[in-house]
Each structure stands twice: as C-alpha cells, then as structure tokens.
Amino acid sequence: MQDQFQGRKYVIQGLFIVTTAILLLKAVQLQLIDTSLREQASANVIQKINKYPSRGLVYDRNEKLMVNNKAIYDLMVTYDQVKDIDTTKFCQLLGISREVFIKKLNPNFASRRYSKSKPFVFLKKISSETYARFQESLYEFPGFFVELRNVRGYAFNTGSHVLGYIGEVNEKHLKKDPYYQSGDYIGISGVEFAYEEYLRGVRGVDYVLRDNLGRIVGSYEKGERDTASVSGKDLISSLDLDLQMYGEELLQNKRGGIVAIEPSSGEILAMVSMPSYDPNLLTIGRGRGDAYTTLARDSLKPLFNRAIGAQYPPGSIFKPVMALVALQEGVTEVNRPISCRGGYIYKTLRIGCHGHPTAMNVSQAIQHSCNAYFCQIFRDVVDKNGFSRASQGLDVWTDHLYHFGLGKRLGSDVPNELTGNVPTSEDYDKMHRKGAWTSPYIVSLGIGQGELLITPLQMANISATIANKGYYYSPHLVKSFKNDTTQIPLKYRTKHFTKIDTSHFRPVIDGMEDVVLAGTARIAQIPGIKVCGKTGTAENPHGADHSVFIAFAPKDNPKIAIAVFVENGGYGSRYAGPISSLMIEKYLNGEISDARKYLEERMKNANLNK
Amino acid sequence: MTTSRRGESNTADVDWMTISIYLGLVLTGWLMIYAVGYRGEENSSLFDMGTRHGSQLVWIGVSITVGFVIMLIDGKMFRTFGYPIYIIACLFLLYVLVAGRVIAGSQSWFDLGFFRFQPSEVAKFATCLALATFLGPYNANLQTFRNRAIAIGIILLPMGLILLQGDAGSALVFSSLLIVLYREGMPPPLYILMFTMIILTVMALMFDSTFPIILGLTLVASGILVNALRTNRPKIIFFSFAVAALAVYNIYPEYELYVLGTTGLVFLILLIQKLRSKRRQLAILLTVGLVFGSGYTTVVNYAFYKVLKPHQQDRILVWLRPSKVDPLGALYNVTWSKRAIGSGGLTGKGFLDGNITKLNYVPEQVTDFIFCTVGEEQGFVGAFAIIMLFLLLLLRVLFIAERQRSKFTRIYAYGVASILFFHLLVNVGMTMGIMPVIGIPLPFISYGGSSLMAFTVLVAVLLRLDSDRLSVFR
C-alpha cells in the first residue's frame, strides 16, 4: 500500500511530544519554581486570626480599679474575598462615605505591607455601638471580619502622667521585639510602658480555613497549631487613689509636683504633676490625635511629668544631707556652734542669711536653716585634705550624694526619669582650670544652690532615705500583681544604703522635727502627728522663687515621705509646706481636721497660673 | 498478509495497553472527584448516588458496559454507517439549537429526563467516522480542491452548528481534526499560513497598539533581505542598526514614529537594491507579507479592543494579558487554579488534603478544573504522571493508527488522537494559565457522564476497528 505522506506521522508525534513538554515545563514553573503561588494560596485559605488578650487592669494600693478595658473593634478585610457587597448599606452602617470606602479598600498594594490576598485593617477603632449595628449584617459582606481590641478606660480623672497611655506599635518597637506585630498596642508611657511585659499578656492565634466566600469552615489541622491568648496580669499599683486625687486638687492652678513615697518599701504613694490632663483623652479611639496635638501645644505643658522631668536647684531642703555628709566625714560635730553674722562671709564673698538665733548645734542649724552654718561645714568637707586639695574633698562629697541617689537615675519604673545634676571636680576643672578652684568658689553648693539640680522624685527619695536612717528602695509604682504570685522586680526589693552611719541621723531628724515645731515651717504642724520637714526656696533666675518642701511622718516609724515643689511659689513655707502637711494628714488620718480646713481651702484656691 | 495467525478467526487481540491507560485515567478521575467532594469522614460513603463521585461511579459502570458492547458489534457496521451516524449527529445539533436546554450560557444540552447529554460529544465521534468514511476508500485523496473542500466541510458543518449554540470551546475542538487532514496529505503551506495567522493574531492582541509588531515585522523582513546578500559587512551594520532601533524604542517609546520611519526607510533601500537584482521574487513576497501582516494585525487589534465588548475581551485577556483583567472577576478562576496547582509543590498535599480544592475556591472544580485537584493533592509528581499517561495514550493511538492496513481505521485513529490531544492541551493549559479558558473537559477524568461516555465510545470503536486490523484491507 502506498502512503506517500507516512513521514508526516513524525511531525505529528513531535507536535504531541513538544506540546506535552510545554505543559510539563509550565507545571515545573508553577509547582517547583514559583513559591509565591504557594504563599498566596495559604495566605488566603488558611487565615491567621489574632486573639488579642485583655490587657492587665491597674488598681490602686487599696485595690480600687483605676484603669479598665473598653472594647473597640478593628474591621479587617481581605481584598481578594470582597465580592458583590452592598456598598451603600455597608457605608451607611459604618458611617463612612463611598470615597472613604474605595480609598480604604485600595491601599498601596505596591507596598510590601499590603497584599490583596492577606487581611489588612479596613477601619480601625470602631466603637462598640457602631459595631453592634454593623455586626448583624456582617455576614452579607464577604471578606470582612472583625477583631476585638481592648483599649483603656479610666474610672477617675487622675494620675494620667503616672498611668501613661498605650498606642500602636511603630517600626522601632517591631524591630526591637519580635513579639509585636504591626497593629499591636503597646504601652507608650507611665505604668503602661514600664510594665508592658506584664500587662500585655500573650496574644493567641487561631488558624482557620476559609472558603471562597470568606466564611470560616473549620480550623486548620484540627486546631493543633492554635494558641490561646493569655490575659495580662492585673497590676496593683503602689498609688493611693485618694491621696493622688487629693494632691492634684491641692496643686490645681499651680505648676509643680508632688511625690509621696512609703519609706519602708519605696512604693510611690502619689506622684502628681500639674498641670495635668484627663487620661481618657489619650485612650485609643477616634479623635485621639487631635487631643494629643492640643495637649502638646499647650504652653503650660500638661504632657510634661514634672515629678521626674523637672530639675531644680533644691535650695535649703538639701541642708539635712549636707549635715549628714559633714558628720560622717568627721569634719564637724553635732554640738558645734557656728555664728551667723547675717550670712556667710568669706573675704569679699557674702551669702546672705535671715535673722535667727545662733545655731548651737546641727539640729538648730537645720531648724533655722542657717546658710552660714552649712556653707562652713561644706567647706570643711571640701577642704578636708587641705585648702589646695578641694577636688579630693569635693569627690568625697559627690560620692556621698550619689549614694543618696542624686546625680543619677534612681532606677524607678517611671519612664524618662532625669538624673538631676551633681557637679564633680572634673566639671570645675573644666570650668576653671585644673586645680585653679577652691572651696569658696563652690560654697553655694552647701546650701543647695549652684550647679546642683534635683528632680522632685529625688527630693522625695532624700526624705525617705532620712526617714529610713540611711537607706532607700528605688521608688516604684508597682505593689504586686493581683491574684498572681509574680513578684515585683528584684531591683525594687533591694535596699540601697548611703555611706552615712545610722547614728548621725538622730540630730538631723530632730532638727527637721524642730523645723515644723518651732522653725521655718510651723504652718506644717499637724495635731497628733510628729512631722519632720525642711523648707526650701529654690532660686529662680526667670521669676519668683520656687517653693519647696520635704517631709516625712510620723517621726518614729515613718509611713510617708514627701516632696512638694510649687513653681514660683516663693518661700517653702508658703505653699510647699502646707501642701505637704495636708497630704501627710490626709494619708495618715484619712481626712483633714476642721482646724486645718482653712489651709486646705487656701491651697486649693491659690492660683499661680494667672 | 492473507491469513491470521489464529487461523479461522480474523480478529487480533484488543489493545490491552490502551485499555489499561483508559482504566487508569478513569480511576484517577474518579478518585479526584471523590477528593473534591470529600468533606470529612462522616459523609464519605463511596457509592452514594446523591454525591458526584457516586453518580460518576455509575457512569463509569455504564461507559465500560457500552464499551464492552461496542467490542461485540461487527466492525463493518461503523464503516457502513459512517455517513448516517454523521447526519444523525448533525440533526441532533440542529435539534438542540431549537429545543435544547440552556446550561451555563450555551444551548447545547439534550434532556432525556434521566440524563442530559451534549450532542456535540456525539458529533466528535461522528465527524471522525465521517472523515474516515470519506477519505477511507483506496482512491480517495486530498490532492484535488474538491476533496479538500469536502473534507474541511465535514469538519466545519458540526463546528458551525455548535458555535451557533454558543459553545465556542467544543466547536474549537473540531479544528484539531486538521491534524488528520495533514496526515492524509493536506498541503503544508496551508498550515504554515494558519500558524502564522495565529501568531499574528496573538501578537495583535498582546499589545495596545500594533506599532511594535509592525516594527518587528519590518526588522525581520529587512533582516531576511540583508541575509540574502553575499557580503558580510552590511549584515553587521544592519544587526547593529536593529539593536539600536529596538533599544531606542524601548527607552523612548515616544519616538516610536521616528524609529519606525527609519526602519521603514532601511527596508525600502534594501528592497530597491533587491528589486534591481535578479531574484525579485523574495523581495516581492516579503513586501506583500509585510503589508499584509501589518494590515492584518492592525485590523485584529482594532476589532478586538474597539469593537468587542469588555467581557468578551476579558476571556482572551485572561490568557494573554492577565494584568489587564480584574483579579476578582474574569481572572478569578485562573488565579485560584494556578494557586491550587502551585500550592501542591513537588509531592502535593496528599489525597483528600487539598484545602483549596475543598473550599470551592476554584469554580467548576470537578468538571473543567479537575486538573487542579491533581496538582494540589498529588503535586508535580501527580501532574507529571497524568500528563505522561496522556502522552503515552496519544502515542499509543498514533502507533495503532500506523499499524493499520485499513486507511479507514488509520484516519479514524488520527481523529481520536487529535481530539484527545486538543482536550489535553487546552484543558491542562487553561488550568495553568497558558491557554484561554474555554470550557472543555479533561478526557476520562472530568466529572460528567456525557463526556465520559463520548470518550469511551471514541476509544472503544477505535479498539474494535483495531482488532479487525488483520482482516481488513480497505
């Protein structure tokens, strides 16, 4: 049989083989080379749903709830799953315009942050009310789902600086700690920041399978990979809610700060910084940005926590420390009288003092706040090794101050604590010339002026240290964790000792008691309570002097140590002293005696912000 | 050869290899349909008629029975009744046009109450038989225009009727029968022309304007002219020019007119030079080709983008320019189909563990997109096996075709191979995004009794005819 076209069978065979090869090559490309398809597929079919833990609550030391959680909702969307939805109804339910809808649904897909096959946030911070309406129709909108978030609510308008606020994580947080994912909330300031790891809990994840309409059809691998979320620990803070609110009331319409510490534990009972703001303003929600901007622009700086961020020359409240250092260094004796001729006079140098009887001993020097006395004993310390060896003496002094927690961070859990400033011999070497300065140059340090700068927290800590007769705990805002055996960090259970012998404290404390009983701060007397205090008037080159007071009480077995700072308040006894005593009375007695109500009124009504 | 090896019986064994491949593919298909429908252990009864895999199992039984019956029929019947079967099939096609049921947009279903079937499936078989009947006689050939026209007409008649039903996919299947005509002597230039037209069409659709195509064609034509020169230097110069022109065009698309103008000038210079020489034919041919090609692509491009409606454009754009198509609209099937296959990796997710397949992400999963399940659950290993099994079947059918002494059987066999080939290429190709999505099933594997039955008949008749190969000369 003749078949002249038989050769063509090879062409046809070749066609079949080549075509099959092309199909196989395509399969190789799809299945073996191109892994992006695999990722897209699993991203869309298996979906990760975050289960956000509820953030730990914050209580005051008497377990009154200060910070609670409010539900808020983030609406998520997976672009690829959005199909046939009634946009008019959708927009109406959420109260957004069509333009917003289109814009939100089409973020910049070119950026790595967004993918059409992965869920992203469509609308953040939907209130519970809006959610309640929307939720009924959620099933009509394939591709959309809701994640429950917790934001903060505050039962009382108080302690905003201390409690801090939470916000969304930024790039830095994400880089620093792999736990966080974009969109997570994190403590930005205050307790929220300091105890973030305790409060945040552990995020849980559900892996679910979704069908083509975005409906959840089951769990992936029977839920074996799912993890439960663990709620954050509830924190019992050291704050006394009543005292905190009372302090804010007393300091209203003034600029300044109050720090009250329990000496025996270092727990911060109150930390007031005025002016302040309503913590509910900065809770996560719509409109927070505007509130923040307004606060940030306020000339009174309400966002600024003066208790740890303001540094002032301490003035006379430094004198008890000066006395302790001099006694410890053996350059003076308890019963050493030093005459005061209306001030400290050395050659042409003159530091004025006010009229008072001659200080016959350290106690009286403190009682009358004699400048001449403390200038003298300061010089005695600095000139310990000889007049020409001032730097050696100053180093000794500096070292003592460090051990009082001055010139360094106290290691408290209040974020952004400043160090204050304790000048060193190197500083003066730089300022003058090495060896070219002597004790008279720097004598004002002895009375808390000059280059010495202290924060209100450090002042309160000095008070607590004296009350403890020589040691302090780093001040902290946490007392314990509710229903949890977790201990507070070790550093808040560790005593820091000064280099002063316990015996030297007696005359100093006696002197501080006399300040209140018969000295510069008689106004701070509280019937039935032995209060030890010291006034201070910090010089202010920009205006009226600052009114300062430190105190602790009761004298035996002190329960509270306090520092009050009122900017432009004048003498320490004018505002800071009375406020301190009111705070102490409030804390120890729970209320203010009728005899002192007038003082309370006067303090509350004083307005220094005019 | 005049006597059979078995003496009195003039029948050879049936081709068990083909039957094995057939059974293998059918079984695989059934397992895949089962996998798609699988929703957990509680409702996994294998033989539940209410489920797809249950009903498919029944169809497999029926198909094998029918195939068995065909093996018992005298092979002469198919030779004798080739035309009547073809005519009846065409009448069916006409009938559904008038009274058929519309399913999925095309009026191609014939409802018999207990089951529905597509006459187009019958038409494939009938057309193969008709072609074999027409070209089968010893003296029939494709050397005359009349015979060529008739042969093409036999293909075009059912194709046209099916196209009228709105089932473009099934209609296109018939074009594969041109392979049969090629084997039987249809002149190659026809195929070259067709191939060129297809390429030009595809290119015309791939660009917004036909500028780059015309530029390319001009460069190619000029290149051919230069290549015909004896000396080498102009070749190098022209090569440099071509590279420069393409570079400029790519970097500064706004200068396209200048680039094209310069290229056209170069072509003209070469052309004039060539026309002066003795071998004018080439020059004239190239000029005609260039003008025709440019004109044709421009017309196609214009017609496609300006005349066709967007949803009609989409079907082609999904294939050629997926970036221009809405990923949630027309591209949805293909995107998910590719993801399903891609997610299978080398060894797949395991039988019954393909979650994309299960969660209805790929529409028409059990019918046209069944290959996704293979790709997802069995991975590349599975895809490779299926494709290779098909290749084996195709080559086996070609082998069977070539061992016939009967021209009738050979032509029929080529018809079978061509149709299977087309289905394989387009179906598997479309699930992987290299072919346009035209809804045609994967033979033996896709869900659907009508299609399984039709392919079974197609193959069974081939085996029946093949088993007569020792006794038939015609």
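Residues numbered from 1 in each chain as written. Chains lettered and ligands numbered in written order. Predicted model: local features only at pLDDT ≥ 70, side-chain atom pairs only at ≥ 80, totals over all residues. Heavy atoms only, no water.

Colleague: Summarise the environment of Val299(B); cite the residues concerned and give the values.
Modeller: Residue and element names in this part refer to chain B. Note that Val299 resides in helix 13 (residues 280-307). Residue Val299 is classed as exposed on the basis of its relative accessible area, which comes to 55%. Along the backbone, Val299 and Thr210 are 89 residues apart, and their C-alpha atoms lie at a distance of 9.3 Å. (Helix = DSSP H or I, 4+ residues; strand = E, 2+ residues; numbered from the N terminus. Buried < 20%, exposed > 50% of the residue type's maximum accessible area, 1.4 Å probe, protein only.)

Colleague: Residue-level account of the domain arrangement of chain A, with values.
Modeller: All names here are of chain A. If you check the domain split of chain A, you get domain 1 (48-237) and domain 2 (241-276 + 304-605). Between domain 1 and domain 2, the C-alpha centre-to-centre distance is 46 Å. Residue-level contacts link 25 residues of domain 1 with 27 residues of domain 2. In this assembly, domain 1 and domain 2 are joined by 4 salt bridges. As a salt-bridge pair, Glu262 and Arg61 come within 3.4 Å of each other at their nearest N and O atoms. (Domains from an automatic or database assignment. Contact = heavy atoms within 4.5 Å. Salt bridge = Lys/Arg side-chain N within 4 Å of Asp/Glu carboxyl O.)

Colleague: Which residues make up the pairing of strand 18 (residues 532-538) of chain A, and what values go with them?
Modeller: All names here are of chain A. For strand 18, the tally of buried residues reaches 6 of 7 residues, placing the bulk of the element in the interior. When strand 18 meets strand 19 (residues 546-553), the two strands line up antiparallel, connected through 7 bridges. Note that in strand 19 the partner of Lys534 across the bridge is Ile550. (Pairing = 2+ DSSP bridges.)

Colleague: Explain the environment of Asp226(A) residue by residue, including any values.
Modeller: All names here are of chain A. When you line up the elements, Asp226 lands in the loop between strand 9 (216-219) and strand 10 (235-237). For Asp226, a relative accessible area of 23% corresponds to the partly exposed category. Contacts of Asp226, omitting those with residues within four sequence positions, involve Val205, Asp206, Tyr207 and Ser219.

Colleague: Provide a residue-level description of the interface of chain B and chain A, including the pertinent values.
Modeller: At the junction of the two partners, chain B supplies 50 residues and chain A supplies 44 residues. Carbon and sulfur atoms make up 72% of the surface buried where chain B meets chain A, a total of about 4100 Å² over both sides. Where chain B meets chain A, there are 0 salt bridges. One can count 6 residue pairs in polar contact (both at pLDDT 80 or more) joining chain B with chain A. (Buried area = accessible area lost by both parts, 1.4 Å probe. Polar contact = N/O pair within 3.5 Å; in protein donor to acceptor, adjacent residues only side chain to side chain.)

Colleague: Residue-level account of the side chain of Ser450(B), with values.
Modeller: Residue and element names in this part refer to chain B. Looking at the element boundaries, Ser450 is found in helix 19 (residues 449-466). You can call Ser450 buried: its relative accessible area is 11%. Only 3.2 Å separates the side chain of Ser450 from the backbone nitrogen of Gln118, close enough to count as a polar contact.

Colleague: Can you explain the side chain of Asn305(A)? Please cite residues and give values.
Modeller: Residues and elements named next belong to chain A. The residue Asn305 is located in the loop between helix 11 (288-297) and helix 12 (306-309) in this model. Reaching out from Asn305, the side chain makes a polar contact with the backbone nitrogen of Ala307 at a distance of 3.1 Å. The contact partners of Asn305, leaving out residues within four places of it in the chain, are His161, Met271, Ser273, Ala310 and Val414.

Colleague: For the packing of helix 13 (residues 319-328) of chain A against helix 19 (residues 505-518) of chain A, give the residues involved together with the corresponding values.
Modeller: All names here are of chain A. At their nearest, the axes of helix 13 and helix 19 sit 10 Å apart, and the two run at 160 degrees to each other. Between helix 13 and helix 19, the crossing angle belongs to the class labelled roughly antiparallel. The two elements helix 13 and helix 19 cross, and the hand of that crossing is right-handed. On helix 19, the residues that touch Pro320, Ala323, Leu324 and Leu327 of helix 13 are Phe505, Pro507, Val508 and Met512. Its residues assigned to classes, the contact of helix 13 with helix 19 shows 8 nonpolar, no polar and no charged. (Axes fitted to C-alpha atoms, helices over the stretch in contact; angles between N-to-C directions. Parallel < 35°, antiparallel > 145°, perpendicular 65-115°, else oblique. Left-handed = near helix turned anticlockwise from the far one by under 90°. Nonpolar A, V, L, I, M, F, W, Y, C, P; charged D, E, K, R; others polar.)

Colleague: An account of the pairing of strand 19 of chain A is needed here, citing residue identities and associated values.
Modeller: All names here are of chain A. For strand 19, the buried fraction is high: 8 of the 8 residues fall into the buried class. As defined by bridge partners, strand 19 adjoins strand 20 (residues 560-566) across 7 bridges and the pair is classed as antiparallel. Following the sheet pairing, Phe552 is matched in strand 20 by Ala561.

Colleague: How would you explain the sheet that holds strand 12 (residues 267-274) of chain A if you had to name every residue and give the values?
Modeller: Residue and element names in this part refer to chain A. Read from one edge to the other, the open sheet built from 5 strands follows the order 12-11-20-19-18, with strand pairing classed as antiparallel. Both outer strands of the open sheet, strand 12 and strand 18, are each paired with one neighbouring strand and no more. Ignoring strand direction, the axes of neighbouring strands in this sheet form an average angle of 5 degrees. In the sheet, strand 11 (residues 256-262) pairs with strand 20 via 6 bridges, with the strands oriented antiparallel. Bridge pairing in strand 20 links Ile261 to Ala561. Its contacts with the sheet place helix 10 (residues 241-250) against strand 11, strand 12 and strand 20, and it is angled at close to 25 degrees to strand 12. Across the sheet, helix 19 touches strand 18 and strand 19, and the angle it forms with strand 18 is around 75 degrees.

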